[in-house]
Structure formats: C-alpha cells, structure tokens
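Commentary on secondary and tertiary structure
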Amino acid sequence: MMSPQTMAGDGARPVIEVRGLTRRYGALTAVDGINFELGDGEIFGFLGPNGAGKTTTIGMLCTLLRPTSGRAIIAGHDVVERPHDVRRSIGLIFQEPALDDRLTAWENLKFHAMLYDVPAAEFRRRAAEVLGMVDLADRARSVVRTFSGGMRRRLEIARGLLHRPRVLFLDEPTIGLDPQTRRHIWRYIVDLRQQEGLTLFLTTHYMEEAEICDRIAIVDHGRIVALDTPDNLKRMVGGDLVMVRAADLDGAEERIRQSFGLPVRRGPEGELLVEVERGDRFIPQLMTALNGDGRAIEVHSVGLRRPTLEDVFVKLTGHAIRDEEAGPGELWRTHVAMRRRRA
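A brief structural summary.

With that out of the way, let us pick up the sheet that holds strand β4 (residues 69-74). Strand order in the open sheet made by the 4 strands is β2-β1-β4-β5, with antiparallel pairing throughout. Single-partner strands in this sheet number two, and they are β2 (28-38) and β5 (77-78). Bridging between strand β1 (residues 16-25) and β4 involves 5 bridges; their strand directions are antiparallel. Across the sheet, residue Ile 16 finds its bridge partner in β4, namely Ile 74.

In this structure, His 319 sits in the loop between α11 (309-317) and α12 (328-342). His 319 gets classed as partly exposed once you look at its relative accessible area, which sits at 27%. Between the C-alpha atoms of His 319 and Gly 48, which are 271 residues apart in sequence, the distance is 10.0 Å.

Bringing the packing of helix α3 (residues 105-115) against helix α4 (residues 120-133) into the picture now. One can describe the packing of α3 onto α4 by two numbers: an axis separation of 11 Å at closest approach and a directional angle of 130°. When the axes of α3 and α4 are compared, the pair comes out oblique. Considering only the axes of α3 and α4, their crossing is right-handed. Listed contacts from α4 to Trp 106, Leu 109, Lys 110 and Ala 113 of α3 are Phe 123, Arg 124, Ala 127, Ala 128, Val 130 and Leu 131.

Most of helix α1 (residues 54-61) sits inside the fold, with 8 of its 8 residues counted as buried. All of the buried residues in α1 are Lys 54, Thr 55, Thr 56, Thr 57, Ile 58, Gly 59, Met 60 and Leu 61. A positive backbone phi angle near 70° is found at Thr 63, which sits one or two residues after α1.

If you trace the 4 strands from one edge of the open sheet to the other, you get β12-β13-β11-β14, paired in antiparallel fashion. Strands at the two margins of the open sheet, each flanked by one partner only, are β12 (264-266) and β14 (299-305). Pairs of neighbouring strands in the sheet enclose a mean axial angle of 25°, with direction left out of account. In this sheet, β14 lies alongside strand β11 (residues 240-246) in antiparallel orientation, the contact comprising 6 bridges. Opposite Arg 245, over in β14, you have Ser 301 as the bridge partner. Contacts between helix α10 (residues 279-291) and the sheet are confined to β11, β13 (272-276) and β14, with β14 contributing the most and set at about 165° to the helix.

This paragraph deals with unusual backbone geometry. Of all residues except glycine, most have a negative phi; of all peptide bonds, most are trans. Notably, Asp 135 is not glycine yet its phi reads approximately 60°, a positive angle. Here Asp 135 is to be found in the loop between α4 and α5 (149-161). The exposure class of Asp 135 is partly exposed, given its relative accessible area of 43%. With a phi angle near 60°, Arg 164 is a residue other than glycine that sits in the positive phi range. For Arg 164, the location among the structural elements is in the loop between α5 and β7 (167-171).

So, how was this worked out
- Residues numbered from 1 in each chain as written.
- Predicted model: local features only at pLDDT ≥ 70, side-chain atom pairs only at ≥ 80, totals over all residues.
- Heavy atoms only, no water.
- Pairing = 2+ DSSP bridges.
- Helix = DSSP H or I, 4+ residues; strand = E, 2+ residues; numbered from the N terminus.
- Buried < 20%, exposed > 50% of the residue type's maximum accessible area, 1.4 Å probe, protein only.
- Axes fitted to C-alpha atoms, helices over the stretch in contact; angles between N-to-C directions.
- Parallel < 35°, antiparallel > 145°, perpendicular 65-115°, else oblique.
- Left-handed = near helix turned anticlockwise from the far one by under 90°.
- Contact = heavy atoms within 4.5 Å.

What follows is the structure, given as structure tokens:
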C-alpha cells in the first residue's frame, strides 16, 4: 500500500503539497502533522468521521485558517506566505448555500468576477462558457430563487470555475439532494476534469461517490490512517464479509471467536462482521457453531457480500462516517467574512 507521503503523478511537480500540516486549538490538536501530494487532474477524496479534522484541513488549504505548523503549497503558492495567489488558484463549493437568491445567475457570477478581478471582456466570455458547461445558459437571466436545489448547486459549480482555478474544493457538494440530482451533479463534476484540467479535492459521506476518486485519504483523530486507491483500500478488509444478526450478539460474538479464532467486529448498525476468504463455505460452519455447544443462539439473519469503502472506513476508524466536526457552517462563515473584507 502507498504511504501518506506518496506523490501522485508522473514526476511533475504536484499541484498540492502538504508537509507536516498541523492545527491546534489550545490543548486540542485538530490536524496532526499530515502529509500528502496531489497531481494535476487527480480526483482526491478526503474522508473521515466526526471530529477527524477534515473541515480544519480544508480551511487551512483554502487560506481560511492559519496552520499552527507545517506547510501547504497550492499550485506553487504557500498558503501562509502567498494566500492571495492561493485564492486565485482555487475554487470553493461548500455544503452551505452560497448564492444570493435575489440576484440572477448572471449577476451572481458578476459579483464573483469582481472579487477575483476578472476583466469585463473575459468575464462575459467565461460566464457564458461555464453556464453552458452546467446546462444553465438558458437561465442566465433568471432569478436564483426560482431555481431547484440541483440547479443552484450547478450554478455554484459554474461560479467556482469562473476564474479558471487549478484546484476545485468540494465540501459535501451533494448533501441534501435527491439521488438522481446527485448523479447528475457528479456527471458534471467528473466531466470538468477533462474540460478544465482540474484537480478535484472532495469530502463526502456518500461512499458510492467516493468510488469515483483516483485516491482516497481516510483521516481519524487528525491523522491520515490510510491513503490509496479505492480498490486497494478495499483489499485491506479481506475476501468476503459475513454479516450476522442474532438475538444475543455478545454470545454470538464470543462463540465465533472460540469456534474459529477469527476477529469479530461490529458494523454500523450493530451487526457482527467476520472477514473470511470463502464466505459461502464458512456460513454452514457458522450456523453449526451457533446452534451447537448445548445452547442454540437465535440467528435473525446471515448475509454475505464483498467489502465496500464503508467497511474499510469502519475497520480503520471504528465507526461509520458522519457529518463534519465543526459543521460546514463555521467554515462558511469564515469564508463569507473574508469575501466581505475583500469586497
């Protein structure tokens, strides 16, 4: 498996370089000396449970929070020494709504162009281009309050691309959207890598969305505990996963350990999970063990499946993925305050 220090790409300078990045709040270490690199055009997932440090990391990379120590370079610019150049090199799409719904789509883009000093002639060309990318060209003069949730998210993507960033940060970009709209949004996002040559840095709690990533970093307690491709991460779990639900879970767990000498862990819904090479052959033996030894344990259900990213996540962190530790609203308020100062 690749280590957290592994560089993506073919030897060219990475578009994101992170070395020993740390953020402390008094005695609390929210991000603890993390290291990673991203190559041009890479889709990189940053996943972690509640309190893992995801939002804090994004805040430092986007110059919204100052690192306590360590270094981060975005598109060749140090986030502490050259924050203005970093902001010109990145686009941000937050979970929190970030549009003025009293303005038209075009007017929202115009305000963004003013903040990033996009020349008027370039703005007109670029605004038409990005609205076309997200299929909103015919709604350019429509007031945003008339847009659906999916249309607003697509407009936010267009706005984030307006100033031609090298890196697009997506912090839970599809939360709250229905499954069909989520699929459409990700179709637009993935196409952008081809059209714009973007590097995409995303957080999500939808594991099926994380599957599109070239690599994924799983963070816990402020540290990167695994970094690899989705397929390689899933190989960490083993061959098959046998899931057991029983009336006496503690008794079933103890009997499995005694009978087979296998490690047993709890799944996100309390079920017992056993990793085995041939689950189809193991299940009959399992049922014999649970029904024997003088006291049968009532089994509610037994299932068999291949490992998923959710299984990897639970194995490494001990629990299922949840929402952001500080809430995206806190990071978004910091971002809004900085935009107002610049305006």
